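Per-entry structural report
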Amino acid sequence: MNTSNDSAAAGSLIVKAKFGGLALVCGECEKRSNGPSKLKAKQVRKVFKKELHNLPTRLRVVQCSCLGMCPKKAIAVSVVAGGRPLAAEVHSEDEASLVGGSFARSLR
């Protein structure tokens, strides 16, 4: 097993990202039987993009599979930036705005 060639090959595949963190919105929550009835992950992503755009670190807002939090009647969201993971449950579009603003304040 030649680990020096393996690490060199892996190093050539790794590139510098143009963003400093990720905002994750669970896409599975809306599909669950006990998920939110009117809130969609796409709405939450849109609100997060609006709330998190003026940060010193650029965040990428993405929809992902299950985050493992599985809140009832809500969508699980998480932000990972600067080595600090933050997570929350979002029950409505207004709450998504509040959570996005709270995430933004904590990342400044």
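Our structure is the block above this text.
Read on for an overview of the structure.

Thresholds, definitions, all that
- Residues numbered from 1 in each chain as written.
- Predicted model: local features only at pLDDT ≥ 70, side-chain atom pairs only at ≥ 80, totals over all residues.
- Heavy atoms only, no water.
- Helix = DSSP H or I, 4+ residues; strand = E, 2+ residues; numbered from the N terminus.
- Expected span 1.5 Å × (residues − 1).
- Buried < 20%, exposed > 50% of the residue type's maximum accessible area, 1.4 Å probe, protein only.
- Contact = heavy atoms within 4.5 Å.
- Pairing = 2+ DSSP bridges.
- Axes fitted to C-alpha atoms, helices over the stretch in contact; angles between N-to-C directions.
- Left-handed = near helix turned anticlockwise from the far one by under 90°.
- Nonpolar A, V, L, I, M, F, W, Y, C, P; charged D, E, K, R; others polar.
- Right-handed = clockwise from strand over helix to strand, strands pointing away.

1. Remarks on helix α3 (residues 93–107)
- End to end, α3 covers 21 Å across 15 residues, agreeing with the expected 21 Å (1.5 Å per residue, within 8%).
- When α3 is considered as a whole, its buried residues turn out to be Ala96, Val99, Gly100, Gly101, Phe103, Ala104 and Leu107.
- Elements that come into contact with the buried residues of α3 comprise α2 (41–51), β2 (59–64), β3 (75–81) and β4 (84–90).

2. Quick look at the sheet that holds β2
- Taken in spatial order, the 4 strands make up an open sheet running β2-β1-β3-β4, and their pairing is mixed. Of all strands in the sheet, those bounded by a partner on one side alone are β2 and β4. Recorded for the sheet is a direction-independent mean angle of 15 degrees between the axes of neighbouring strands.
- Here 6 bridges tie strand β1 (residues 21–26) to β2, and the two strands are oriented parallel to one another. In the strand pairing of β2, alanine 23 is matched with valine 61.
- Strands β1, β2, β3 and β4 of the sheet are contacted by α2, whose axis makes an angle of about 175 degrees with β2.
- In the packing of α3 onto the sheet, contacts are made with β2, β3 and β4, and the angle to β4 comes to roughly 165 degrees.

3. Some thoughts on the packing of α2 against α3
- The interhelical angle for the contact between α2 and α3, taken along N-to-C directions, is 35 degrees, at an axis separation of 9 Å. Of the two possible hands of crossing, α2 and α3 adopt the one that is right-handed. Residues Gln43, Val44, Val47, Phe48 and Glu51 of α2 touch α3, and the partners they reach there are Glu93, Ala96, Ser97, Val99, Gly100, Gly101, Phe103 and Ala104.
- The residue makeup of the contact of α2 with α3, split by class, is 7 nonpolar, 4 polar and 2 charged.

4. Some details on the pairing of β1
- Across the 6 residues of β1, 5 count as buried, placing the element largely inside the fold.
- Handedness of the β-α-β unit built from β1, α2 and β2 comes out right-handed.
- Pairing between β1 and β3: 5 bridges, direction antiparallel. When the sheet's bridge partners are listed, leucine 24 is paired in β3 with serine 78.

5. Considering the pairing of β3
- Among the 7 residues that make up β3, 6 are buried, leaving the element largely enclosed by the rest of the structure.
- Summarising the sheet, β3 and β4 pair through 7 bridges and their orientation is antiparallel. Of the residues in β4, the one forming a bridge with valine 80 is proline 85.
- Connecting β3 to the next strand, β4, in antiparallel fashion are 2 residues, including glycine 82 with a positive phi near 60 degrees.

Purely geometric numbers; function is a separate question.
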